[in-house]
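Spelled out from the first residue to the last, the chains are:
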Amino acid sequence: MTTRTRATATVTTTATVSWTGANARRLARQHLHPAAAATASPSATPGAAVASMLGAHAQVLSAAELSVGLRGDGLTRTDVRTALWTDRTLVKTFGPRGTVHLLPAADLPLWTGALSAVPAGRNPFPKDARMTPDQVEAVVAAVAEALTGAELTIDELSEEVVARTGPWAGDLVMPGFRTMWPRWRQVLHLAGHRGALVYAPNRGRKATYTNPGCTPLPGPRAPAALIERYLHAYGPATSAHFARWLAAPKPWAADRFAALAAAGAIEEVAFADAGPAWVVAGDTDFPASPVRGVRLLPYFDAFTIASQPRERLFPGAAYERALAGGQAGNFPVLLVDGTVAGVWHLRRSGRRITVTVEPLEPLPPAGLRALEEQVERVAAIMEGTAELTVGPVTVGPHA
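Computed from a predicted structure; not experimentally measured. (Residues numbered from 1 in each chain as written. Predicted model: local features only at pLDDT ≥ 70, side-chain atom pairs only at ≥ 80, totals over all residues. Heavy atoms only, no water.)

## Some remarks on helix H4 (residues 77-86)
- Those residues of H4 lying buried are Arg 77, Val 80, Ala 83 and Leu 84. Mapping the buried residues of H4 onto a view down its axis gives an arc of 130 degrees, with all of them on the same face.
- For H4, the secondary structure elements touched by its buried residues are helix H2 (46-53), helix H3 (61-69), strand E5 (90-94), strand E6 (100-104), strand E16 (339-349) and helix H15 (365-381).
- One or two steps after H4, the chain reaches Arg 88, where phi turns positive at roughly 60 degrees. (Buried < 20%, exposed > 50% of the residue type's maximum accessible area, 1.4 Å probe, protein only. Helix = DSSP H or I, 4+ residues; strand = E, 2+ residues; numbered from the N terminus. Arc of directions from axis to C-beta. Contact = heavy atoms within 4.5 Å.)

Printed below as a string of structure tokens:
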């Protein structure tokens, strides 16, 4: 036990946590520990799987389906789609960092309460494209009204927003994909964070949106609950780690952590070479044994994005090969013994799913057998037949 004095309080560090223990617990709590029975939780529903990782990045829905399927025994992409569009136990909306995520429908009040409490950062748009605070509020209200009891495409929603607010909302001042978007689109994600908007089923190839009728959890309870869930899944972690994951201002996150520490809800530990970090109070049991085995994780899997320190998860050559300028998620990754040890690619042709794996070092026979099992599992989740190709060993970003 060590005691340190800060400007505002005396903090007692009660435990030391190794990277080995933290990594093993994170994998286990997300049903990703290779040594777990059947390599997954047999009772994990799509909603429980998504809750365990704090949201599945869904900009590419097939990657989200794979992230969810890998965390449940026997889950397939059809199960995820049924949970999303039929049972509505999942919702597709704007989550952490303003990016599209799958979230548990039951947790939407918590998520919207927490996300809407995050202070806005610096406005990235040119001065003549910006909106006043009153205009922002008018647009969010218009989105909520237009989508109540309706499922609208983005163009239909745009017409409704402009009609309810004014021509200024439709000014084409937002750079889009090879075009210019109307001014109001810059707060589309904010409408999701406020609980006014989620995705509805596609109409042909066009996305649609609806109002879920969600009331965000008010006050400080939602950010506090989200921090505790984050620490349960990814702790030990610092307030700066949380801020980066959520795309929140670091001072705001630090204040939230300090309030929870003062209330005794979280406690500080000494974490590997990351220094002081936080866990939920009393949650200090970590495995002693290192992770063994092989895993495949898809694009933007929550585990690779949220786990810190990133240098430990992406050791050595993996930091150059499997990250894009330090940003995680741009490559599907091969995990060997709990750390990134290569990348992989998937190509689908009808039911045939060809997986090409590029390890950073040659895999031993046992590793190759485990990899074959992982590829079979990926194919089962994606409802296809598997074919594995082990590519050349890659050692650099351009290999």
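## Quick look at the sheet that holds strand E7 (residues 152-153)
- Taken together, the three strands give an open sheet; going across it, the order is E7-E11-E10, and neighbouring strands pair in antiparallel fashion. Every interior strand has two partners, whereas the edge strands, E7 and strand E10 (198-203), have only one.
- Taken together, the four bridges between E10 and strand E11 (residues 206-210) define a ladder with antiparallel strand orientation. Its bridge partner being in E11, Val 198 is matched across the sheet by Thr 210. (Pairing = 2+ DSSP bridges.)

## Overview of the sheet that holds strand E13 (residues 275-280)
- Taken in spatial order, the three strands make up an open sheet running E3-E12-E13, and their pairing is mixed. Strands at the two margins of the open sheet, each flanked by one partner only, are strand E3 (16-17) and E13.
- Where E3 meets strand E12 (residues 266-271), two bridges bridge the pair, whose relative direction is parallel. Following the sheet pairing, Val 17 is matched in E12 by Phe 271.
- Strands in contact with helix H1 (residues 19-29) are E3, E12 and E13; relative to E12, the strand with the most contacts, it is inclined by about 130 degrees. (Axes fitted to C-alpha atoms, helices over the stretch in contact; angles between N-to-C directions.)

## As for the packing of aromatic side chains
- On inspection of all chains with the given rule, the structure shows nine aromatic pairs.
- Note on Tyr 230 and Tyr 234: the rings are 5.7 Å apart at their centroids and 45 degrees apart in plane angle, and the pair reads as tilted. Taken together, the positions of Tyr 230 and Tyr 234, both in helix H9 (residues 221-234) and four residues apart, correspond to about one turn of that helix.
- In this structure Tyr 230 comes out as buried when scored by relative accessible area, which is 1%.
- Between Phe 242 and Trp 245, the ring centres sit 5.8 Å apart and the planes meet at 40 degrees, which makes this aromatic pair tilted. Note that Phe 242 and Trp 245 are positioned in helix H10 (residues 239-246) at a spacing of three residues, about one turn of the helix.
- For Phe 242, a relative accessible area of 1% translates into the label buried. (Phe/Tyr/Trp six-rings, centres within 6.5 Å; stacked < 30°, edge-to-face > 60°.)

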